[in-house]
Amino acid sequence: MFKGIRRAVMWFEHRLVLRETFWPIVRHPVPRSLRRKVGWMYVFGSTAMTLLMLQIVTGIALSMVYVPSAGEAFESLEYLNYQVPLGWMLRAIHNWAATLMIVMVVIHMAQVFLAGAYKYPRELTWMLGVILFFCTVGMAFTGQVLRWDADSYWGLGVGAAMIGRIPYIGPALVDLMMGSPILGGETLSRFFALHVYIIPGILFATLGLHLYLVVRKGISEPPEEGNEVDPATYDEEYEALIADGAGDPFFPGPMARDAFFIGLTLLLVLGLAIFCGPDGPGLPPDPANVAAEPVPDWYFLSLFSVLALSPRSLETYIILIGPLVVVAVMLMFPLWASRGERHPYRRPVAVLSVIFIFLGVGVLTWLGYKEPWSPHMNAWTADAVPVNIVKRLSPTEMQGAVVLQLKACRNCHALDGVGGERGPDLTHVGSRLDRPALVRQVIQGGGNMPAYGKQLTGPQVTALVDFLSALRPPERPPSEVPAPSISDLAE
Ligand code: HEC
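Computed from a predicted structure; not experimentally measured.

The rules we used
Residues numbered from 1 in each chain as written. Predicted model: local features only at pLDDT ≥ 70, side-chain atom pairs only at ≥ 80, totals over all residues. Heavy atoms only, no water. Helix = DSSP H or I, 4+ residues; strand = E, 2+ residues; numbered from the N terminus. Buried < 20%, exposed > 50% of the residue type's maximum accessible area, 1.4 Å probe, protein only. Contact = heavy atoms within 4.5 Å. Areas by Shrake-Rupley, 256 points an atom, 1.4 Å probe, with all protein chains shown as cover. Phe/Tyr/Trp six-rings, centres within 6.5 Å; stacked < 30°, edge-to-face > 60°. Lys NZ or Arg CZ within 6 Å of the ring centre and 35° of its normal. Salt bridge = Lys/Arg side-chain N within 4 Å of Asp/Glu carboxyl O. Axes fitted to C-alpha atoms, helices over the stretch in contact; angles between N-to-C directions. Parallel < 35°, antiparallel > 145°, perpendicular 65-115°, else oblique. Nonpolar A, V, L, I, M, F, W, Y, C, P; charged D, E, K, R; others polar. Core = buried A, V, L, I, M, F, W, Y, C linked by side-chain atoms within 4.5 Å. pLDDT = per-residue confidence, 0-100. Expected span 1.5 Å × (residues − 1).

Q: If you had to explain the overall build of the protein chain to someone new, which residues and values would you point to?
A: Within the protein chain one finds 21 helices and four strands. Across the 491 residues of the protein chain, 43% fall into the buried class. Considering only residue pairs separated by 6 or more positions, the protein chain has 78% of its internal contacts joining residues 24 or more positions apart. About 26,200 Å² of surface is accessible on the protein chain, with carbon and sulfur atoms providing 69% of the total.

Here you go:
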């Protein structure tokens, strides 16, 4: 019996040559000092990779039920949550593994950076890692859109509005991203393709190269103070570190450590999935309903804050140039920092920049939750139009007040100081803008305000504008800001 199995295994081995191919890789030598020193610092990369494998398995399973169509996506997720046995668990695991994957990738990067492991001869490994980082973020973003509930729908809308402001190419980019001028079925199909085919394709190709380099160039030895990297001598020194007897095979020692940490992480994923459950879907998508939380998932909140906090005049430049600078610096710095000291104690600037980045992102994320420019989500249920305003309204204007209430405009706009602060206080808007300007603002939106043209009937718009232009101190006449020209309105 045992012999039979062995014979079968040998039959395959003879033809596949797996053992001969992979055994040397599994047993490739790593510097021995890993064992005593900071060996535990080396577990994050392989943990991120394992989480990726988990995402593939759970993602494929999810795709068997999920329908990437604007009309059915939301229902198919509800169906998974409530009808399919353990469907909620699948969604929860996919969600929490994604979250932890981002965490692991970030820790892995910070560790590699702090240990100077991106220096010669591993600059390219770092660059591929940066691409992997952006692929991971891209997966998170597209995945959040696939949820297609009010949150993700809204986050995408805000994102599109921002991209649309890039001069010249903005509108074309939005069109490319959304597949249509509004968020709709084509948008979802595009994000599905990105999430399931395009980004994973790039990710796997990059990961393959990244791993190849990790194995070929070897894991960096833990940094030592005063031991500088010099490309002229480094290779020889490293050879000596892993030479026969000096190095340790990757399997079993270091690999066992990885496996242990991976096991812990998987348990954490399971625990979070069971106790915190899946994420959403929240409210059904409806662009006119801002009662949903129009904020992106936590890992994008800091970005959202940067844009919300930056002065409007600078926003366009920040959108345009900021990402280019960040990506270029992340990719390229190993080229000019490829030699020299690796130990963090000798690289105060590196340590400070990590602290600065983590603090900065942390504070911005916190602000994203707290600040007034995050819309107040309960304004429309909690606060009625102030009585002293209602008292002086005509019947059509009253209708307009009702529309304002129903469309949750006050999540972003205050009346008499009560309500959201994302947009201007509307208490006296009637003395600032005339009717055509009001109509245009409501129908076309603009400047971070959604366009309501498609969600309002003609009479509703009329009533709303009647109401808005009545919003002024009783003694003041309506605004006479000149109406925009006909051609302005036509566009
Ligand atoms: C997501 C938040 C948000 C929602 C919801 C929203 N707005 Fe706005 N609104 C804004 C922002 C931001 C501005 C400023 C636009 C600018 O600076 O160009 C604005 C500007 C305006 C203005 C021009 C005010 C001025 O003084 O220039 C009017 C009028 C207005 N909104 C009416 C409405 C109405 C009516 C609704 C509901 C149908 C609504 N808004 C819903 C964010 C919002």
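Still more to cover.
Q: Tell me about the packing of aromatic side chains, and name the residues and values.
A: Applying the stated criterion to the full structure yields 14 aromatic pairs. Seen in terms of ring centroids, Trp 40 and Phe 260 are 6.0 Å apart; in terms of plane orientation they differ by 70 degrees. Their pairing is edge-to-face. Residue Trp 40 is located in the loop between helix H3 (33-36) and helix H4 (44-63), and its partner Phe 260 is located in helix H12 (residues 253-276); the two are separated by 220 residues in the primary sequence. We classify Trp 40 as partly exposed; its relative accessible area is 44%. By relative accessible area, which is 52% here, Phe 260 ends up exposed. Summarising the aromatic geometry, the rings of Phe 113 and Phe 333 are spaced 5.4 Å apart at their centres and angled 75 degrees between planes, so their arrangement reads as edge-to-face. Here Phe 333 lies in helix H14 (residues 312-336) and Phe 113 lies in helix H6 (residues 87-114), a separation of 220 residues in the sequence. By way of ring pairs, the aromatic residues Phe 113, Tyr 118, Trp 126 and Phe 333 are connected into one cluster. The ring of Tyr 238 has Arg 122 lying over it, and the distance from NZ or CZ to the ring centre is 5.1 Å.

Q: Help me get a handle on the pattern of salt bridges, residues and values and all.
A: Applying the stated criterion across every chain yields a total of five salt bridges. Glu 225 is paired through a salt bridge with Arg 346; the nearest N and O atoms lie 3.6 Å apart. In this pair, Glu 225 sits in the loop between helix H10 (185-217) and helix H11 (231-242) while Arg 346 sits in the loop between H14 and helix H15 (348-370), placing the two residues 121 residues apart along the sequence. Looking at Glu 225, the relative accessible area reads 43%, which means it is partly exposed. Where Arg 339 meets Asp 230, a salt bridge forms, and the shortest distance between an N and an O atom there is 3.9 Å. Highlighted residues: Arg 339 in the loop between H14 and H15 and Asp 230 in the loop between H10 and H11, separated in sequence by 109 residues. Overall, the relative accessible area of 30% leaves Asp 230 in the partly exposed class.

Q: Go over the packing of helix H9 (residues 170-178) against H10 with me, naming the residues and quoting the values.
A: Following both chains from N to C, one finds H9 and H10 inclined at 75 degrees, their axes separated by 7 Å at the closest point. In this view, H9 runs roughly perpendicular relative to H10, as classed from their interaxial angle. Residue-level inspection shows Asp 175, Leu 176, Met 177 and Met 178 of H9 in contact with H10, the latter providing Glu 186, Thr 187, Arg 190 and Phe 191. Grouping the constituent residues of the contact of H9 with H10 by class yields four nonpolar, one polar and three charged.

Q: Help me get a handle on the nonpolar core, residues and values and all.
A: Core analysis: the biggest nonpolar cluster contains 37 residues, and Leu 51, Met 109, Phe 113, Tyr 118 and Trp 126 have the highest contact counts within it. Looking at this core, the elements that each hand over two or more residues are H4, H6, helix H7 (123-146), H10, H12, H14 and H15. With eleven residues, H6 is the single largest residue contributor to this core. Once residues lying within four places of it in the same chain are set aside, the contact partners of Met 109 are Trp 126, Val 130, Phe 133 and Met 330.

Q: Before we move on, could you go through the environment of Leu 471 and cite the residues and values that matter?
A: Mapped onto the elements of the fold, Leu 471 is located in the loop between helix H20 (458-470) and helix H21 (486-490). Its relative accessible area of 0% is what places Leu 471 among the buried residues. Excluding residues within four positions of it along the chain, Leu 471 makes contact with Ile 389, Leu 415, Leu 426, Thr 427, His 428, Val 429, Gly 430 and Ser 431.

Q: How would you explain the confidence of the model for the protein chain if you had to name every residue and give the values?
A: Overall, the prediction assigns the protein chain a mean pLDDT of 82, with 85% of residues at 70 or greater. Ignoring residues within four places in sequence, the model shows residues 483-491, a span with pLDDT below 50, making ten contacts including any to other chains.

Q: Now, about H6: what can you tell me, with residues and values included?
A: Under the 1.5 Å per step criterion, the end-to-end length of H6 is 41 Å for 28 residues, consistent within 8% with the ideal 40 Å. Gly 116 sits one or two residues past H6 and shows a positive phi near 60 degrees.

Q: Mind laying out the environment of Pro 254, listing which residues take part and the relevant values?
A: Secondary-structure assignment places Pro 254 in helix H12. Classification of Pro 254 by relative accessible area gives buried; the value is 11%. Apart from residues lying up to four places away in sequence, Pro 254 is in contact with Val 30 and Pro 249.

Q: A description of unusual backbone geometry should follow, citing residues and the corresponding values.
A: Of all residues except glycine, most have a negative phi; of all peptide bonds, most are trans. Residue Tyr 120 is joined to Pro 121 through a cis peptide bond whose omega torsion reads 0 degrees. Following the sequence through the fold, Pro 121 ends up in the loop between H6 and H7. With a phi angle near 55 degrees, Val 17 is a residue other than glycine that sits in the positive phi range. Among the structural elements, Val 17 can be located in the loop between helix H1 (2-16) and helix H2 (18-26). In this model, Leu 86 sits at a positive phi of 60 degrees, which is unusual for a non-glycine residue.

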